[in-house]
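Remarks on the overall topology
For reference, the chains in residue letters:
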Amino acid sequence: MKTRFALLSALLFFLAVSGIRAQGHYARLDAGFAEKPAPYADSLFAAMDLDRRIGQLFMVAAYSNKGQAHEAELLTLVREHHIGGLIFFQGGPLRQAHMTNRLQAAAETPLMVGIDGEWGLAMRLDSTMMFPHQMTLGAVHNDSLIYAMGAEIARQCRRLGIHVNFAPVADVNNNPRNPVINYRSFGEDRENVARKSIAYMRGMQDYGVLANAKHFPGHGDTDTDSHLALPLIRHDRSRLDSLEMYPFREMIREGLGSVMVAHLSVPALDSTPKLATTLSSKVVNGLLKTEVGFKGLVFTDALNMKGVADYYAPGEVDLMALKAGNDVLLFPEDVPKAAAVIKKALEDGRISEAEVNASVLKILRAKEALGLIRTPYVDPRRLNEDLNTPAALHLKRKLSEAAITVVRNEKALIPLKQLVKRDIGVVTVGSQGVTFKNRLADYFRFTAQACPAAPSPADGLRIREALEGKNTVIVYLGGTHQKPRSNFGFTAQASALIDALAEEGREIILVHMGNPYALKVLSNPDGLAGLVVGYRDDTFMARAAADVLGGALPASGRLPVAVGDKFKAGAGFTTADAGRLYRGDPLDFGLAPDAFAAVDSIAVEGIRRRAYPGCQILVAKDGKVVYDKNFGFHTYEDGTPVASSDVYDLASVTKIAASTISLMKLQDKGLFSLDDRLEDYFPEIPDGNPYRTVELRRMMAHQAGLVPWIPFYKNTVRKGGLRTGVYSTAQDEYHARQVAFGMYIRTDVSDSIMTRILETPLRKNKSYKYSDMGYYFVREIVHRLSGKRLDRFAEEEIYRPLGLNNIGYLPRDRFSLDRIVPTEYDSYFRGQLVHGFVHDPGAAMQGGVGGHAGLFSNAYDLAVVMQMLVNGGTYGGEQILKRETVEEYVRCQFCTDERDENRRGAGFDKPVIPPGPGPTCKCVTFDSFGHSGFTGTIAWADPAENIVYIFLSNRVYPTAENNRLAKMDIRTRIQEEIYKVLRPEETADAKMRP
C-alpha cells in the first residue's frame, strides 16, 4: 500500500510539474465532439463553398527537413486547395514550429496538425524525447504510468502545435513474424492491449490531444507489411470479434476520439478481391460506424501505401475511401486530382453532398473541441527546453524500470547477494554495455569481457579462458534491433556461446536488451539460472536492468508476448528489493527537479571563491539517492572535470569508514571490546606507563588524555632534504613503503612511531580533546587480532561484502591517476604535489595505510557505508555488522559525564549540544553521527530521518592554508539546505535534542 501511494503521489506531482492542466487551456476530449453543439465550427461550415469543404478532407504529409520547395508546395495546397490538415514526418521541433506558423498564417481555416508519435515526438523529430516502444510498455504492470506517458506526450504535442497523435497501436500482435506492427503493439494478450491502449488514450485526450486507435480492424496477425503490399487476414468473424477487434471496441466504449482504418484484405468482413478495409463501406460505414457505434473521426491509413496505391489511381482511391465512410484522407498522393475526382463524383451522384458535409462538419467540430480556433500558433521560445523537461525524463526512467522483466530466476538468484561467495564475470555481446557496466559497478565487483554479436570460435575460447574461476557470469546481449529480420540481431553464435558457458557449471544470467521474440534462438533456456529482458538497448533500460540485478530496484515486469514454447506471455518474477542504494532524483520524492538549487548555488559559490577546485555532493533519503552532483575540476589549472567515479582523500573520515567499523566487526566476532584497556592488546607496554590503563571507550571518544597530534615527519627531514637512511628514491627490502613519487620509507618506521607515542606524556586534563593518536593503536589492534593489515581487513570484511569498487586505501594500486583527485603541494615534507598518496604525513609514513587517514573513496561508495550503518548494519540483504554493535558505537559515550561536555560516540562524531558551532547544522537529530576530514570532506548519517549526506572536496589544494571552506561554512550550509528540502515542516532545531 505504501508503495502504491508513493507511486500515485509521484504521478500526480509529475502531472503538476509538467505544466499539464486537464481543465485549463485544453479541454478533455472524447468522441462526443462530433455531436455536441459547436457554434463556431457550424458557422465556419456555413460560410464555406464546396471547394473549401472538400479541401478540409485532406491531411497532407509535411516535412520540416525538405527545404523551401516543399514548403512552397504546401503553401499552394493551403491557399488554393484549402486543405484541412498536416501530418508531420521527419524534421526538427524548431523548424517544424516555424513551418507550422507560416502554414497556419496562410490558412483561412486553422489546420489540424497530426503526427505519428507512438513513442513520442522522437518517432519523427530529432532533438526530442523517445519513450519506450509499446511492446516494452506491455510489460509494465502499472497502467497509471502509461496514462502519465499519454499526458506527457500530449503536453509535448500541444507545445509544438500538434492536435492529433496517431497512437496508440491497438493491434494485438500474435504473429512473431509481423514486420510492421510487432514491437509497436502492447503484446498478444487482448486484455492487456486494451487496458494499456485505454490508459494511453485517456492520458492524451484528458490533456487536449486527440488519440487515434490503429489499425482497425486489427493488423497484428500478418507477416506482410501494408506499406509494401496488401496483407491478407484469413480469420473468421468470430475470431476477429473476440481478439483483433476487442481493444478497439473497449476504447470506443471509453470515449476514443479517432480511429485509423488499416489497409488489409479481410474476406470475413468484405470478400471483394484486392479491396482494402480502408476502402470498404462494409467495414467503415457498416462495421465501425453502425455496428460498433463509433462517432468520432475516422482516418484512412496513408493513401500512398502499396496496400491501396497498387490497385487504385490517385484521386480514385481518395473517392473510394470517402465513400467507404472515412472522414479524413491521410497522406493523399495528389490533392488537386483527388479534389477534382470528388467534385466530379458529387456532380455525377456517385457520392452525396450529405456524406461529404457530414465528414467536413465533424472535422470542423473536432478543430473547435481541440481549441484550434483560438490557438493555432506555436511559440518558438524555449521550445527545446519545454519539450525535454526533467519531469519527462523522470517518467521515461520510471517506465523503463517498470518494464524490466525477470523471466527466469532459479533459486531466487536475482538480486545477487552473498557477494563474498561470488566471483562475477560480465560478458557483453554485440555492445560494449558501458552504461550497464557502470551502473552494475555500484553494486558489486566484476571483471568484464566483450565480443561481437556473432562471436567466432576464437572469441568463445578467449571469453571462456578469461572467465576461468568465475562462478557467476552475466551475459549482456545488446546492439540488437526490433524487427524480425535476422532474428532481431540475436545470433545463433551468441546463443552457442551462452550454452557453452552454462555447460561449464557456472550460474549464467542472460540480460537480453531487445525484442523478446528473439529469445526463440536459445537452444537451452533451462541452462540459464537467470534471464532478464530489457526490451531495448538504451541508457534507461540498461540502468534499470543493472538496478534489478543489484537489488536497488525490484523487478515487476511481465512478458507481453509468448516466445514459442519456451516462455509464455505473462511470465515474470517479482524480485526483492535488496536495499542497496538506488540512484534516484528529487522527483522520486515528489520534489521539484530544482529542489536543491540552493545546494547547487553554495557549491558553485565555493568554487568561485576558491574554497576548493571541485567537489562531489551526494544525499540519500530512505535508501534512495535524491541528489548526486559533481562540481568544478580536479585542480584550478588542469581542467579535468570532477566525475562520479573520481576518488578523494577522505582524511579523518577514515576513522569511522575504516578503523571504527573494523573494530565493530572484530567486536561482532568476539575479539574486541570497548570496555578493554590498551594493556589487553599491548602487553608490551611497560608497567607504570600510563598508556597501559587507557580505556578504549574513552580513547575512541577522545577523552583519554592523548595529545591531538605529533608531527612525526619532522624527525625525518633536515634542512635541504630528507634524512639519509630513512628514505630512498627506489624501493628495496629496507625501504618497502612508498610515501610519494620517488620516495620510499623504512618499514620499521611504524615501530618508531608507536614508540614515540608511548613516550609522549598523556595530558593531565583527561577532558575531551580531539586526537589522531588513538587510531595509531586501532590500526595495530586490527592487525594483531585479525592477522591482516587494516586495509586488507576492511576490504575483506566490509567493502567486499558491500560490493564496493571505489573505496579503499592505496588508490594508485587500483586506479589511474586521472580518477584520483590531488590534494596539496607539500612543500614542508615531500616536496611535490600529493597525488594518489595520502595527504596526512603520519599515514604517509605508514605506507599510506593509517588508522586515522589514508582512505579514498567517491561519494557513492562512502554513502553506502553510511547507509549500512543507518540500516543498523544491514545492506544488500547481508548483515555486515550487528545492530546492537552499531547502536553502541554511534551513541554518545559520555553525554551524562558531569566532568565534561563530550558529544562524541565511539569513533563517530555527534552533533553539538546544545545547538551551537560544530560539524553539522542545527537541523540534524541527535541520533545522527558521522565525521569530517581535514582535506574538506564530511560523511553524516541521520537514522531518525534516514538521511545520508556526503561532501567530498580537496580544499587543501594548492595548500592546506586555504581555509575558506570552513570560513564560508560550506558543508554546514549545504546540510541546512538539504534539511529544508527534505524536512521543510519542522523548525531548524525542533529535533536537535539528546
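In what follows, the structure referred to is the one given above.
Just so it is clear, the model here is predicted, and its values are computed rather than measured. (Residues numbered from 1 in each chain as written. Predicted model: local features only at pLDDT ≥ 70, side-chain atom pairs only at ≥ 80, totals over all residues. Heavy atoms only, no water.)

Assigned secondary structure in the protein consists of 32 helices and 31 strands. The C-alpha extent of the protein, read off along each of the three principal axes, is 120 × 60 × 50 Å. The buried share of the protein, taken over its 994 residues, is 63%. The protein carries 119 positive and 116 negative side-chain charges, and their two centres are separated by 2 Å. (Helix = DSSP H or I, 4+ residues; strand = E, 2+ residues; numbered from the N terminus. Buried < 20%, exposed > 50% of the residue type's maximum accessible area, 1.4 Å probe, protein only. Lys, Arg positive; Asp, Glu negative; His and termini not counted. Charge placed at Lys NZ, Arg CZ, Asp CG, Glu CD.)

This part covers the nonpolar core. Ranked by size, the top nonpolar core spans 294 residues in total, and within it F436 and I474 carry the most contacts. The element best represented in this core is helix α29 (residues 859-870), accounting for 10 residues. (Core = buried A, V, L, I, M, F, W, Y, C linked by side-chain atoms within 4.5 Å.)

Our next topic: unusual backbone geometry. Of the consecutive residues A167 and P168, the connecting peptide bond is found in the cis state with omega at 5°. Here P168 shows up in the loop between β4 (164-165) and α8 (190-205). Here the residue pair Y957 and P958 is connected by a cis peptide bond, since its omega of 0° sits within 30 degrees of zero. Looking at the secondary structure, you find P958 in the loop between β31 (947-953) and α31 (964-967). Of note in the backbone geometry, R382 takes a positive phi value of approximately 55° without being a glycine. Relative to the helices and strands, R382 resides in the loop between α15 (353-369) and α16 (383-387). Under the relative-accessibility criterion, R382 is labelled exposed at 55%. If you check the backbone angles, N487 has positive phi at about 50° while not being a glycine. Positionally, N487 belongs in the loop between β12 (472-477) and α20 (492-503).

We now examine the packing of helix α4 (residues 67-81) against helix α5 (residues 93-106). Where α4 meets α5, the axes come as close as 9 Å, and the angle between the chain directions of the two elements is 25°. With respect to their mutual orientation, α4 and α5 come out roughly parallel. For the pair α4 and α5, the crossing hand works out as right-handed. Two secondary-structure elements touch here, α4 through H70, E71, L74, L75, V78 and R79 and α5 through M99, R102, L103 and A106. Of the residues belonging to the contact of α4 with α5, the class tally is six nonpolar, one polar and three charged. (Axes fitted to C-alpha atoms, helices over the stretch in contact; angles between N-to-C directions. Parallel < 35°, antiparallel > 145°, perpendicular 65-115°, else oblique. Left-handed = near helix turned anticlockwise from the far one by under 90°. Contact = heavy atoms within 4.5 Å. Nonpolar A, V, L, I, M, F, W, Y, C, P; charged D, E, K, R; others polar.)

On to the side chain of E401. By the secondary structure assignment, E401 is in helix α17 (residues 390-403). Once residues within four sequence positions are removed from consideration, E401 is found in contact with A544, D547, L553 and Y582.

All right, on to the state of the cysteines then. Disulfides are covalent bonds that connect the sulfur atoms of two cysteines. As enumerated under the stated definition, the model contains two disulfides in all. Note that C892 is cross-linked by a disulfide to C895, the S-S spacing being 1.8 Å. On the sign convention where negative is left-handed, the bridge of C892 and C895, at about 110° about the S-S bond, is right-handed. Paired by a disulfide, C921 and C923 hold their sulfur atoms 1.9 Å apart. Because the sign of the S-S torsion sets the handedness, a value of about -80° for the bond joining C921 and C923 places this disulfide among the left-handed ones. Residue C921 is classed as buried on the basis of its relative accessible area, which comes to 3%. What makes C923 buried here is its relative accessible area of 5%. Looking at the protein, its bonded cysteines, counted consecutively from the start of the sequence, adopt the pairing 1-2, 3-4. (Disulfide = S-S within 2.5 Å.)

What follows deals with the packing of aromatic side chains. Overall, the coordinates contain 21 aromatic pairs when judged by the stated rule. Summarising the aromatic geometry, the rings of F216 and F248 are spaced 5.4 Å apart at their centres and angled 90° between planes, so their arrangement reads as edge-to-face. Separated by 32 residues along the polypeptide, F216 in strand β5 (residues 212-216) and F248 in helix α10 (residues 246-253) bring together distant segments of the chain. The buried category is assigned to F216, whose relative accessible area is 1%. (Phe/Tyr/Trp six-rings, centres within 6.5 Å; stacked < 30°, edge-to-face > 60°.)

Within a regular strand, the side chains alternate between the two sheet faces. Residues of strand β14 (residues 530-533) alternate between two faces, with G530 and V532 on one and L531 and V533 on the opposite face, all of them buried. Here strand β9 (residues 405-409) runs beside β14; their pairing, made up of four bridges, is antiparallel. Counted as the bridge partner of T405 is V533 from β14. Note that strand β13 (residues 507-512) and β14 share four bridges and pair parallel. By the bridge assignment, I509 is partnered in β14 with G530. (Pairing = 2+ DSSP bridges.)

Let us look at the packing of α8 against α10. At a closest axis distance of 9 Å, the pairing of α8 and α10 adopts a crossing angle of 35°. Every pair of crossing elements has a handedness; the one defined by α8 and α10 is right-handed. Residue-level contacts link R190, E191, V193, A194, S197, I198 and M201 of α8 to Y246, P247, E250 and M251 of α10. The class makeup of the residues in the contact of α8 with α10 is seven nonpolar, one polar and three charged.

This next bit is on helix α9 (residues 237-244). Buried residues of α9: L240, L243 and E244, and no others. Around the axis of α9, the buried residues are gathered within 95° of arc, so they sit on the same side. For α9, the secondary structure elements touched by its buried residues are α8 and α10. (Arc of directions from axis to C-beta.)

Let us now look at the pattern of salt bridges. Summed over all chains, the structure comprises 69 salt bridges. The salt bridge involving R28 is made with D206; its shortest N-O contact spans 3.5 Å. With R28 in the loop between α1 (2-17) and α2 (39-47) and D206 in the loop between α8 and β5, the pair connects residues that are 178 residues apart, well separated along the chain. Under the relative-accessibility criterion, R28 is labelled partly exposed at 42%. The partner of D348 in a salt bridge is K344, and the shortest N-O contact between them spans 2.9 Å. With a gap of four residues between them, D348 and K344 both fall in helix α14 (residues 335-348), about one helical turn apart. Among the charged side chains, a network of salt bridges with common partners joins D116, E118, R124, R184 and K214. (Salt bridge = Lys/Arg side-chain N within 4 Å of Asp/Glu carboxyl O.)

Here five strands make up an open sheet; going across it, the order is β4-β3-β2-β1-β8 and the pairing parallel. The open sheet has two edge strands, β4 and β8 (329-330), and neither has a second partner. In the sheet, strand β1 (residues 58-62) pairs with strand β2 (residues 85-88) via four bridges, with the strands oriented parallel. By the bridge assignment, V60 is partnered in β2 with L86. Across the sheet, α5 lies against β1, β2 and β3 (112-115), angled at about 170° from β2, the strand it touches most.

Structurally, V164 can be placed in strand β4. Considered as a pair, V164 and D646 are 482 residues apart in the sequence and their alpha carbons are 47 Å apart. For V164, the residues in contact, after removing those within four places along its chain, are M112, V113, G114, I115, V209, L210 and F299.

A sheet is described by the order of its strands in space; here three strands give the open sequence β5-β6-β7, paired in parallel fashion. In this open sheet, the two edge strands, each paired with only one partner strand, are β5 and β7 (297-300). Each strand axis lies, on average, 25° off the axis of its neighbour in the sheet, ignoring direction. In terms of strand pairing, strand β6 (residues 258-261) meets β7 through four bridges, oriented parallel. For V261, the partnering residue across the bridge sits in β7 and is T300.

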